[in-house]
Amino acid sequence: MEPGMIPIPAMFNRIAESRMANQGVNSGRRRFLTASTAVVGGVGAIFAAVPFIKSWNPSARAQVAGAPVEVDISKVEPGQRLTVKWRGKPVWLVHRTEEQLAALGKHDARLKDAASEQDQQPAYARNPQRSVKPEMLVLVGICTHLGCVPRYVPELEPQPFDSEWQGGFFCPCHNSRFDLAGRVFDGSPAPINLEVPAYRYVDDRNIVIGVGPEGAA
Ligand code: FES
């Protein structure tokens, strides 16, 4: 054989090696693409699982000043809770469902202050729903025991911390329980209901937190 020529069997081996190498790159690339798609899909799933409304913050200037803050509630779907910050505190806006509202009247005997006699809400919210409009609950989200932020547990079904649970807020710090009007259950260390702040409707879509309805006490 002349110098520089490759024997035919060796040439086939080189071609085969080259193909295998390419296949390795391609399958590696396919693996990368699959992994990338999976990650993107995972992120999408996370976004889908978390309600699109998580929180909303007024301008830093408004926060510093403790000024009233205006909130657009038009996108808060039934069952959802929107959290905003007002005077450095979390304020919840919960769009209660018909079912959740109906459940409010079923457990008065288990509450410390079912009729909201303690001064924890403006006069215009001293009613069974503790709100201006029945469906929209507005509450300061700070436990009246030692100041933790309770969890929103909207399900109307037994929970490990309450076998008769009908939706509400649970403070895991020391197991205080509140219903979906922010009323505290007997047996909770929290002494009084959650606070309803002053607020008023600007129109059907917007609420201002920090001021009551015109002419209200
Ligand atoms: S701070 Fe909520 S139960 Fe103690």
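### Remarks on the overall build of the protein chain
Piece 1. Broken down by element type, the protein chain carries three helices and ten strands.
Piece 2. Listing the helices and strands of the protein chain from first to last along the sequence gives α-β-α-β-β-β-α-β-β-β-β-β-β.
Piece 3. In the protein chain, buried positions account for 24% of the 217 residues.
Piece 4. Restricting the contact set of the protein chain to residue pairs at least 6 apart, pairs at least 24 apart contribute 57%.

### Some words on the sheet that holds strand β10 (residues 206-209)
Piece 1. Taken together, three strands build an open sheet; the order of strands is β2-β10-β9 and the sheet is antiparallel. The open sheet is flanked by β2 (69-72) and β9 (199-201), the only strands paired with a single partner. Going across the sheet, the axis of each strand differs from the next one's by a mean of 25°, ignoring polarity.
Piece 2. Bridge count between β9 and β10: three bridges; the pairing is antiparallel. Each residue of the ladder has a partner; that of Tyr201, found in β10, is Ile207.

### Some points on the nonpolar core
Piece 1. Val71, Val84, Leu93, Val138, Ile207 and Ile209 are the most contacted members of the largest nonpolar core, which totals 30 residues.
Piece 2. Apart from residues lying up to four places away in sequence, Val138 is in contact with Val91, Leu93, Ser131, Val196, Pro197, Tyr199, Ile207 and Ile209.

What counts as what
- By convention here, each chain's residues receive numbers from 1 onward along its written sequence.
- Only residues with pLDDT of at least 70 are given local features in this predicted model, and only at 80 or more are side-chain atom pairs given and counted; all residues enter the totals for whole chains, interfaces and linings.
- Helix and strand assignments come from DSSP, with helices taken as H or I runs of at least 4 residues and strands as E runs of at least 2, each series counted from the N terminus.
- We call a residue exposed when 12 or fewer other C-beta atoms sit within 10 Å of its C-beta, buried when the count reaches 20 or more, and partly exposed for counts in between; the C-beta positions come from the backbone.
- With C-beta atoms placed from the backbone, a contact is any residue pair whose C-beta atoms sit within 7 Å.
- Whether two strands pair depends on DSSP finding at least two bridges between them.
- Angles shown run from 0 to 180 degrees and are taken between the N-to-C directions of axes, each axis being a line fitted to C-alpha atoms and, for helices, limited to the stretch in contact.
- Think of a nonpolar core as buried Ala, Val, Leu, Ile, Met, Phe, Trp, Tyr and Cys residues chained together by C-beta atoms that fall within 7 Å.

Note that all results are geometric; they support no functional claim without further evidence.
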